[in-house]
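Report on the structure
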Amino acid sequence: MNTLGFFGVPDPDRPSSPAEPGSLEKQLERVAALLLRASAERGPFVLWIEDLHWCDALSQAVLVELHARITDLPLLWLENARPEVSEALLLGSRRLTLAPLGPEAVDALLDDLVGTDASLAPLKADIRERAAGNPFFIEELVLSAVE
């Protein structure tokens, strides 16, 4: 597969031949490892992987292999995911579970987002109940209410 084909851009001057099974994963692993090694040459760094729970099978396989390849690099590998994420994807990491916000924190967040007017009390009570202390859900419910 040519370089442009690897990124999904056809090159009419150099058409790609069909990829062999598993070759895309190996190419992704190689490219990602090269990029991380190049970053490490400049010094320690943080690799942040957002929403790991949305990873498709190809991305999961690449991340697992990549993690095994770069153990010698000066990097902090951080991931965030929902609690139901596969243990295989945690890659030997330590899981830190965030507890839901307590009632006082929920009230403070709602005050910041929608205000303190007494007429908002029923809306705030509905959001408080539906969000179950999840700050992301609180923000999304407020945005939905605004729309």
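What you see is a predicted model, and the numbers here were worked out from it, not measured in a lab.

1. Regarding the overall build of the chain
Within the chain, the secondary structure is distributed over 6 helices and 2 strands. Relative to its full complement of 147 residues, the chain shows a buried share of 23%.

2. Structural notes on the environment of Leu120
Structurally, the position occupied by Leu120 is in the loop between α4 (103-114) and α5 (121-131). Residues Leu120 and Leu110, spaced 10 residues apart in sequence, show a C-alpha to C-alpha distance of 9.8 Å. Not counting the four nearest positions on each side in its chain, Leu120 is found in contact with Val114 and Gly115.

3. Details of the pairing of strand β1 (residues 45-49)
Burial along β1 is one-sided: the face carrying Phe45, Leu47 and Ile49 is buried and the face carrying Val46 and Trp48 is not. Where β1 meets strand β2 (residues 75-79), 5 bridges bridge the pair, whose relative direction is parallel. Within β2, the residue paired with Val46 across the bridge is Leu76. As a crossover connection, the stretch from β1 through helix α3 (residues 57-69) into β2 is right-handed.

4. Examining a nonpolar patch on the surface
A cluster of nonpolar side chains, Val46, Trp48, Leu76 and Leu78, forms an exposed patch at the surface whose accessible area comes to about 370 Å². One can find Leu76 in strand β2.

5. What to know about the confidence of the model for the chain
Residue-level pLDDT values for the chain average 84, and 89% of them are 70 or greater. Mean pLDDT in the chain bottoms out at helix α1 (residues 3-6), which sits at 57, and peaks at α4, which reaches 95.

6. Focus on the pattern of salt bridges
Going through the model one piece at a time under the given rule, you end up with 6 salt bridges. Here Lys124 ties to Asp111 by a salt bridge, and the two come within 2.4 Å at their closest N and O atoms. A residue pair is termed long-range when its members are at least 10 positions apart, and Lys124 in helix α5 and Asp111 in helix α4 qualify at 13 residues.

7. Overview of the packing of α4 against α5
One way to put it is that α4 packs onto α5 with a least axis distance of 11 Å and a crossing angle of 130 degrees. With respect to each other, α4 and α5 are oriented oblique. Considering the relative orientation of α4 and α5, their crossing is right-handed. Residues Val106, Asp107, Leu110, Asp111 and Val114 of α4 form the contact with α5, whose participating residues are Lys124, Ile127 and Arg128.

What counts, and at which threshold
- Residues numbered from 1 in each chain as written.
- Predicted model: local features only at pLDDT ≥ 70, side-chain atom pairs only at ≥ 80, totals over all residues.
- Heavy atoms only, no water.
- Helix = DSSP H or I, 4+ residues; strand = E, 2+ residues; numbered from the N terminus.
- Buried < 20%, exposed > 50% of the residue type's maximum accessible area, 1.4 Å probe, protein only.
- Contact = heavy atoms within 4.5 Å.
- Pairing = 2+ DSSP bridges.
- Right-handed = clockwise from strand over helix to strand, strands pointing away.
- Patch = residues over 30% accessible without salt bridge, like charges linked within 9 Å, V, L, I, M, F, W, Y side chains within 5 Å.
- Areas by Shrake-Rupley, 256 points an atom, 1.4 Å probe, with all protein chains shown as cover.
- Salt bridge = Lys/Arg side-chain N within 4 Å of Asp/Glu carboxyl O.
- pLDDT = per-residue confidence, 0-100.
- Axes fitted to C-alpha atoms, helices over the stretch in contact; angles between N-to-C directions.
- Parallel < 35°, antiparallel > 145°, perpendicular 65-115°, else oblique.
- Left-handed = near helix turned anticlockwise from the far one by under 90°.

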